Amino acid sequence: MRKLKNSELDRLSVNDFKQVEKTPLIIILDNIRSLNNIGSVFRTSDAFLIEKIYLCGITATPPHKDIHKTALGSTETVAWEYVENTKALVDKLKAEGIKICSIEQAENATMLNDFTPNPHTTYALVFGNEVKGVAQEVVSASDLVIEIPQYGTKHSLNISVSCGVVIWDLFSKLNK
C-alpha cells in the first residue's frame, strides 16, 4: 500500500463545501475554555459536513491563532455564530423544530450506541465545559441526553474527542 498525497484526496474546495448538502447536525459549544478544543471541533465539523457551530458563553471565536492552529482553515468553511446565552439559543432552536441533545452523563440518558437518529430531523448537539460539563439548565431544556459509554477508570473524555466520537457515530448512522 502507498500513502496518498494530499493532491490525491479529492477534497472539496471552500466554495464547493459551502454549496454541498450538509449533515443535519448542529454543534453547540457551551462555555468551552480551550481554544485548541474549539479548533478541533471546527476541523471535525468540516470533515463530516456539519451544518453549523454555535459558540456560546465564554467560548472564544475566530479569528484567533490558537483556534486556527487546530482548525487548519475550517473556520472558513463551517458556518458558525456566537450566541452569549446557551439556554436562550436552545429555546430558539427548539421552537424551530430542532431536537436538542445534550452530550452528558445524566439520569435516564440514552447511550450513544442505543440512539438511532431520524434522518428527517435536525439535531443540535450540546457539548459542555471541560470541568463542569453542559449547564444543568441546558440539560433540563434538552429533548434528550446522550451519553458516550465508557468502560475504563476515567469519568470523562476530552470535549474535542467526545465531539469526534458523537459526530462520527451519528454521521455513520445517518448515512447507512
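Here we summarise the structure given alongside this text. (Residues numbered from 1 in each chain as written. Predicted model: local features only at pLDDT ≥ 70, side-chain atom pairs only at ≥ 80, totals over all residues. Heavy atoms only, no water.)

**With respect to the overall build of the chain**
Quick note on the threshold: A run of DSSP states H or I qualifies as a helix once it reaches four residues; a run of E qualifies as a strand once it reaches two. Both are numbered from the N-terminal end. With C-alpha atoms as the basis for the radius of gyration, the globule rule is written as 2.2 Å multiplied by the number of residues raised to the power 0.38. Under the scheme applied here, a residue whose accessible area is under 20% of the maximum for its type counts as buried, over 50% as exposed, and between as partly exposed, the area being computed with a 1.4 Å probe on protein chains only. When checking whether two residues touch, look at their non-hydrogen atoms; a contact exists if any pair is within 4.5 Å.
Across its full length, the chain carries 6 helices and 7 strands. Taking 2.2 N^0.38 as the reference for a compact globule, 176 residues should give roughly 16 Å; the C-alpha atoms of the chain span a radius of gyration of 16 Å, in line with that estimate. Projected onto its principal axes, the C-alpha coordinates of the chain cover approximately 45 × 40 × 35 Å. The burial tally for the chain puts 43% of its 176 residues in the buried class. Sequence-distant contacts in the chain: of pairs separated by 6 or more residues, those separated by 24 or more amount to 84%.

**Regarding the sheet that holds strand S7 (residues 144-147)**
To keep things clear, this is the line we draw: Strand pairing follows a simple DSSP-based rule, namely that at least 2 bridges must link the two strands.
Across the sheet, 7 strands lie side by side as S3-S2-S1-S6-S4-S7-S5; this open sheet has parallel pairing. The open sheet has two edge strands with one neighbour each: strand S3 (80-83) and strand S5 (110-111). Here strand S1 (residues 23-30) pairs with strand S2 (residues 50-56) via 6 bridges, running parallel. Pairing of Ile28 across the sheet is with Tyr54, part of S2.

**Side note on the pairing of S7**
With 3 bridges connecting them, strand S4 (residues 99-103) and S7 associate as parallel partners. Within S7, the position partnered with Cys101 by the bridge is Leu144. As paired elements, S5 and S7 share 2 bridges and run parallel to each other. Within the sheet, the bridge partner assigned to Met111 lies in S7 and is Glu147.

**With respect to the nonpolar core**
For clarity, the threshold we go by: Residues belong to a common nonpolar core when they are buried Ala, Val, Leu, Ile, Met, Phe, Trp, Tyr or Cys residues joined through side-chain atoms within 4.5 Å.
Grouped together as the largest cluster of nonpolar side chains are 31 residues, with contacts concentrated most on Ile27, Leu29, Ile53, Leu125, Phe127 and Val166. Among the elements that line this core, the one with the most residues is helix H6 (residues 159-174), at 7 residues. Not counting residues up to four positions away in its chain, the partners in contact with Phe127 are Ile27, Ile28, Leu29, Asp30, Ile32, Ile103, Val134, Ile159, Ser162, Cys163 and Val166. If you look at the next biggest cluster of nonpolar residues, it comprises 17 residues, including Ile28, Val83, Leu93 and Val134.

**Structural notes on the pattern of salt bridges**
Defined as follows: Salt bridges are defined as contacts in which a side-chain nitrogen from Lys or Arg sits within 4 Å of a carboxyl oxygen from Asp or Glu.
The tally for this structure, following the rule as stated, stands at 9 salt bridges. Close ionic contact of Lys52 with Glu81 constitutes a salt bridge, the shortest N to O distance being 2.6 Å. Remark: Glu81 occurs in strand S3 and Lys52 occurs in strand S2; sequence separation between them is 29 residues. Given the relative accessible area of 32%, Glu81 is considered partly exposed. If you follow the salt bridges from partner to partner, you end up with Lys65, Asp66 and Lys69 in one network.

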